[in-house]
Amino acid sequence: MTGLASPAMAATLDGAEALTTVLEAARSGDLAAFDTLMRWHERLVLATALRLLGKMEDAQDASQEVFLRLYRNLNKLEVSQNLAGWLYRVTVNVCRDARSRRPEEASVEEAAELVSPDADPQQAATRNERQRVLELSLRLLSGKERTALVLRDLEGLSTGEVAEILGTSQATVRAQIFQARIKIKGFVESYFRRRV
Amino acid sequence: MNCKGWEERIALSAGGGLDPAIEAGVKQHLAECAGCREFAGGMEDSLNLLRSAHEEPIAAGHYTVVRAGVLARLEGQRRPWRRWEWAAGLAAGLAVAGVFVAMRPAETPKVIVAAVRRPEPPAVAMRMAEAGAQGENTGDRRVRPRGPGGRGASPGHRASLGTEPSVPAFPRIPVTAQNRGPETSALVEPLVVKLITNDPDVVIYWIADRKGDAQ
């Protein structure tokens, strides 16, 4: 993965020097440094896992597994390697394994867990509604469509980056994105028509 | 919308990143087709809704749970490693000690019989033996202390051992059910052999208990 056009990846590039320092310290067994490394990438991992799995508890389990794999592979990672891309790839793999182990469950209620507790009630209600729509619409998608849409449209990666992470062609990713967007558009419109 | 052929291109253009030539064609078509504009607007709205929901911050506590769980597991993995280090050190120490012991020159211990001594017989048994030596055999059951040959020790032999008590003649004691007692255990004389090896720290005492020939 050479292109770093996405905001998430660009953010890690800004602190490339700091990342190198922290990575070296973590490699030497400094858990505080590894904690810093986790803090820098926790949103990337947890948010992606949450969208792929739909449940906060499952997403937290998957995120822990991702970071444990990161720790085990610290010595194999090159400093010049794109750590964000590596984390996306591992997150997708861990979530795919988690999905295959347990059947998908209805978890609409858990969408409210995402809301920050400092929000005022009206904002919270709006946020809850959005989270609910997001969660329900993602559940309409197949596993591959969901992964492609989460990486492309929610995490903001390019089609090429998504293809590299998923190990597939850009044409395949485009086809999955198209199908996913059509399904989501249909769901969102019907959802709000019912609400009106 | 009747423009099925444009649907995919419009849907893909909603997220951006399409080939510029295709993007320009989509824009031109949207300018001409109201139905496709409605379709594109709906696509943009749904994607914007999903993006805004996804960008909402996740409560900090959820991150804390993840990090704490990872750090706890990493700490837990480190502790067995430290235990293993201790065990490895101990094993290495034992191995070195084993090699040291194995490399010492093998010495066949020379055994020297330093002394053979028969413990003093109990005083009661000596008196009984003396009484028996006076020839007062009435047919009652008597117990004699064993000598080196397995029979009653002679006065000369007792003197050579230096264990002869100076007791007067002892009257014959008839054996009854009441005074029979544990004759074998009280009157058995173990033979003690002291073995000295060439290792000054090793002295072997051999106690031979000769049972069965007391009568």
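Residues numbered from 1 in each chain as written. Chains lettered and ligands numbered in written order. Predicted model: local features only at pLDDT ≥ 70, side-chain atom pairs only at ≥ 80, totals over all residues. Heavy atoms only, no water.

> Mind showing me how you'd approach the overall build of chain B here?
Assigned secondary structure in chain B consists of seven helices and three strands. Along chain B, helices (α) and strands (β) appear in the sequence α-α-α-α-β-α-α-α-β-β when read from the amino end. Out of the 215 residues belonging to chain B, those deemed buried represent 28%. As displayed, chain B has an accessible area near 14,000 Å², and 60% of this comes from carbon and sulfur atoms. (Helix = DSSP H or I, 4+ residues; strand = E, 2+ residues; numbered from the N terminus. Buried < 20%, exposed > 50% of the residue type's maximum accessible area, 1.4 Å probe, protein only. Areas by Shrake-Rupley, 256 points an atom, 1.4 Å probe, with all protein chains shown as cover.)

> Please clarify how the overall build of chain A should be interpreted in this entry.
Of the regular secondary structure elements, chain A holds nine helices and zero strands. Along chain A, helices and strands appear, N-terminal first, in the series α-α-α-α-α-α-α-α-α. Within chain A, buried positions represent 51% of all 196 residues. Sequence separation of 24 or more characterises 67% of the internal contacts of chain A that already satisfy a separation of 6 or more. Per element, the accessible surface of chain A, about 9,000 Å² overall, is 50% carbon and sulfur. (Contact = heavy atoms within 4.5 Å.)

> How should I be thinking about the interface of chain A and chain B in this particular structure?
Often the size quoted for an interface is simply the accessible area lost on bringing the parts together. Every contact between the two is made by 47 residues of chain A and, on the other side, 36 residues of chain B. Together chain A and chain B conceal approximately 3,900 Å² of surface at their shared face, both sides included; 66% is due to carbon and sulfur atoms. Residue Asp153 of chain A is joined to Arg51 of chain B by a salt bridge in which the shortest nitrogen-to-oxygen separation is 3.8 Å. The interface formed by chain A and chain B contains 12 residue pairs in polar contact (both at pLDDT 80 or more). The dominant element in the side of chain A that touches chain B, judged by the number of residues it contributes, is helix α3 (residues 31-53) of chain A, at 11 residues. Its residues assigned to classes, the side of chain A that touches chain B shows 23 nonpolar, seven polar and 17 charged. (Buried area = accessible area lost by both parts, 1.4 Å probe. Salt bridge = Lys/Arg side-chain N within 4 Å of Asp/Glu carboxyl O. Polar contact = N/O pair within 3.5 Å; in protein donor to acceptor, adjacent residues only side chain to side chain. Nonpolar A, V, L, I, M, F, W, Y, C, P; charged D, E, K, R; others polar.)

> I'm lost on the pattern of salt bridges in this one. Help?
A side chain of one charge can pair with a side chain of the opposite charge when the charged atoms of the two come close. All chains considered together, the criterion is met by 13 salt bridges over all chains. Measuring nitrogen to oxygen at the nearest pair gives 2.5 Å for the salt bridge that ties Arg130 of chain A to Glu56 of chain B. Note that Arg130 of chain A is positioned in helix α6 (residues 121-139) and Glu56 of chain B in the loop between α3 (34-55) and α4 (60-103), a pairing that runs across two chains. On the basis of relative accessible area, Glu56 of chain B is assigned to the buried category, the value being 9%. Among the salt bridges present, the one from Glu135 of chain A reaches Arg139 of chain A, with a minimum N-O distance of 3.4 Å. Taken together, the residues span about one helical turn, with Glu135 of chain A and Arg139 of chain A both in helix α6 at a distance of four residues.

> Can you help me understand the side chain of Arg146 of chain A in this one?
The residue Arg146 of chain A is located in helix α7 (residues 143-154) in this model. Polar contacts involving the side chain of Arg146 of chain A include one to the main-chain carbonyl oxygen of Arg51 of chain A, which spans 2.7 Å.

> I'm lost on the state of the cysteines in this one. Help?
Among covalent bonds in proteins, the disulfide is the one between the sulfur atoms of two cysteines. For the coordinates displayed, the defined rule picks out zero disulfides over all chains. Considering cysteine sulfurs only, Cys33 of chain B is the nearest to Cys3 of chain B, which forms no disulfide, with 3.7 Å between them. (Disulfide = S-S within 2.5 Å.)

> So what exactly am I meant to see when it comes to the environment of Leu52 of chain A here?
Residues and elements named next belong to chain A. Relative to the helices and strands, Leu52 is located in helix α3. Overall, the relative accessible area of 2% leaves Leu52 in the buried class. With 91 residues separating them along the chain, Leu52 and Gly143 place their C-alpha atoms 8.1 Å apart. Ignoring any residue separated from it by four or fewer positions in sequence, one finds Leu52 in contact with Val92, Cys95, Arg99, Arg146, Thr147 and Val150.

> I tried to follow the confidence of the model for chain A on my own but got confused; where do I start?
Low-confidence regions, as indicated by low pLDDT, have predicted coordinates that should not be scrutinised in detail. Residues and elements named next belong to chain A. Looking at chain A, the pLDDT average stands at 83 and 78% of residues meet or exceed 70. Note on residues 1-10: pLDDT is under 50 here. Beyond four places in sequence and across chains, it has 26 contacts. Below a pLDDT of 50 lies the segment residues 106-118, which in the model reaches 30 contacts outside its immediate sequence neighbourhood of four places, other chains included. (pLDDT = per-residue confidence, 0-100.)

> How should a nonpolar patch on the surface be read in this particular structure?
Residues and elements named next belong to chain B. Residues Ile196, Val203 and Tyr205 make up a contiguous nonpolar surface patch of about 270 Å² in total accessible area. Following the sequence through the fold, Tyr205 ends up in strand β3 (residues 203-208). Under the relative-accessibility criterion, Tyr205 is labelled exposed at 54%. (Patch = residues over 30% accessible without salt bridge, like charges linked within 9 Å, V, L, I, M, F, W, Y side chains within 5 Å.)

> Mind showing me how you'd approach helix α8 (residues 159-166) of chain A here?
Because the α-helix completes a turn every 3.6 residues, residues three or four places apart line up on one side. Looking at α8 of chain A, one finds that the buried residues are Thr159, Glu161, Val162, Ala163 and Ile165 of chain A. Gly167 of chain A sits one or two positions beyond α8 of chain A and adopts a positive phi of about 70 degrees.

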